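One-letter residues, chain by chain:
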Amino acid sequence: MRKLAHFKEPAYRHWCTARHTACRLGSERGHQLNRADVVIVGAGHGGAACAIALRQQGYSGSIALIGSEPELPYERPPLSKEYFSGQKAFDRILIRQSSFWDEKEVRLILNSEVVGVDTTLRELKLSDGSAFGYKKLVWSAGGAARHLTCRGADLEGVHSIRTRADCDRLKREVDGGVRDIVIIGGGYIGLEAAAVLTKFGCRITLLEAQSRILARVAGPELSCFYEEEHRAHGVDVRTGIQIEGLEGLDHVSGVRLADGTVLPADAVIVGIGIVPSIEPLLAAGVRGANGVVIDEFCRTSLAGVFALGDCTAFASAYSGGEMLRVESVQNANDQAACVAKSICGNPEAYRALPWFWSNQYDLKLQTVGLSVGYDQTVIRGRPADRSFSVIYLKRGRVIALDCVNMTKDYVQGQKLIEAGANPTIEMLQDSSVPLKDLL
Ligand code: FAD
């Protein structure tokens, strides 16, 4: 016999329409399984965007959005920027206000984790033991912050910045007087955290295992520029660093490096990437490992199951066929639109041009394209002026740009990438000539 749904109170906090209430009551009486035509797992950027896109495209079936966090869907980028610094209150980073979900008849089932997928019955198992049926499933569960595996990794005072709860926990420590902070990982999140924490008067040491920061996502020119910027703001940036363990009894007190040095730390922030949240799908037999493998319509290998956002691995139209995971708001939103089109019967292959941004100090970095496999870089403008672009080429064609305080290049460079333009190095270097003239 099928297990009937039984939700804890918070799970149906946002079931407000008459139709949904009826459905809930039915299940409570044991007559009806909780179900929706489209069930979206993960109420983050991509999940919320998919529900919105479905309604925008006229989808009239029932939609349920199940998320493990207690909050309404919110924007994650401000967690290491304006929300952390206090420039934006939480209400201002909500993707939509509460009333929107009711008006659009999207059931929000929050504080609820999906732990199993039965693709034969088309049913999900939730962490409270209840079941939830679907006709189409959209998996948009993002990823969990990757943790250190060394000694002391689970001490008090060791933080990630992935959720609002993570961010609030760290803020409380900083408000409580924590000043010596070691950040492990020189990717965008670690660097943004360093920039924002210096404003609070914290003394920051940033440790990176590779020989330069941002090594996974950018060329050496950009790494070098940002290393200098952070040092100029008082951040002690150290590269090529191996960590032996974290020191402390209950609360972290220091970071021991492989060379025996111990760096004092009131708090440690770990920014070493994410682990895609796909265990239930993998257990159901989906193709994938570091991400659910999807095709150009965001379909997984399981019938009726789509996936999108940070948890997916796919061959981007801009990666030269290489399978990768793209962790960005653009990718989550555009894949969400792609899934919605398929569900609405108007499938369109995913070909969106990747873009990304990062704010550190007064620097606005805007990235477009994917620099995967580049064989040449060109600097346009002068890094010393704090306004320049790094242009990435592959076999003579422009494939990506990193633009620092250079929005014009960012906007015009998109066209060069889309057109597969192959201007000469001299033309690209000449910042007196707009990029749009090089088409
Ligand atoms: P998420 O937004 O992570 O949403 C996934 C949701 O699914 C989460 O709420 C999670 O709790 C939930 N979930 C997981 N497993 C389950 C389960 N089994 N059942 C139910 N729910 C589940 N991108 C940019 O483009 N620019 C930036 O400047 C930028 N800055 C960032 C700063 C920070 C601090 C962080 C953390 C990310 C940043 N990103 C940025 C990345 C961007 O936020 C992500 O790429 C985007 O949120 C991905 O959307 P998603 O829907 O795939 O995943």
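Criteria and cut-off values
- Residues numbered from 1 in each chain as written.
- Predicted model: local features only at pLDDT ≥ 70, side-chain atom pairs only at ≥ 80, totals over all residues.
- Heavy atoms only, no water.
- pLDDT = per-residue confidence, 0-100.
- Contact = heavy atoms within 4.5 Å.
- Near = heavy atom within 4 Å.
- Polar contact = N/O pair within 3.5 Å; in protein donor to acceptor, adjacent residues only side chain to side chain.
- Areas by Shrake-Rupley, 256 points an atom, 1.4 Å probe, with all protein chains shown as cover.
- Helix = DSSP H or I, 4+ residues; strand = E, 2+ residues; numbered from the N terminus.
- Nonpolar A, V, L, I, M, F, W, Y, C, P; charged D, E, K, R; others polar.
- Phe/Tyr/Trp six-rings, centres within 6.5 Å; stacked < 30°, edge-to-face > 60°.
- Buried < 20%, exposed > 50% of the residue type's maximum accessible area, 1.4 Å probe, protein only.

Remarks on the confidence of the model for the chain
Residues of the chain with pLDDT of at least 70 account for 92%, and the chain-wide mean is 92. Scored below 50 in pLDDT, residues 1–32 shows 69 contacts in the model against residues more than four places distant or in partner chains.

Points about the site of the ligand
The full set close to the ligand counts 32 residues, and Gly46, Glu69, Lys81, Arg162 and Asp310 are the nearest of them. The side chain of Ser68 places a nitrogen or oxygen atom 2.9 Å from an oxygen atom of the ligand. Residue Val329 places a main-chain N or O atom 3.0 Å away from an oxygen atom belonging to the ligand. Expressed as a share of its isolated accessible area of 990 Å², the protein-covered part of the ligand is 95%. Of all the secondary-structure elements, those providing two or more residues to the shell around the ligand are helix H2 (45–56), helix H9 (329–343) and strand E22 (355–360). Its residues placed into classes, the shell around the ligand shows twelve nonpolar, 13 polar and seven charged.

A short note on the packing of aromatic side chains
Here the structure, examined in full by the defined rule, presents eleven aromatic pairs. Ring centres of Tyr374 and Tyr392 lie 5.0 Å apart, and the angle between their planes is 75°; on these two criteria the pair is classed as edge-to-face. Linking Tyr374 in the loop between strand E23 (363–369) and strand E24 (376–382) with Tyr392 in strand E25 (residues 387–394), this pair joins segments that are 18 residues apart in sequence. You can call Tyr374 partly exposed: its relative accessible area is 28%. Looking at Tyr392, the relative accessible area reads 1%, which means it is buried. Pairwise contacts between aromatic rings join Tyr188, Trp355, Phe356 and Trp357 into one cluster.

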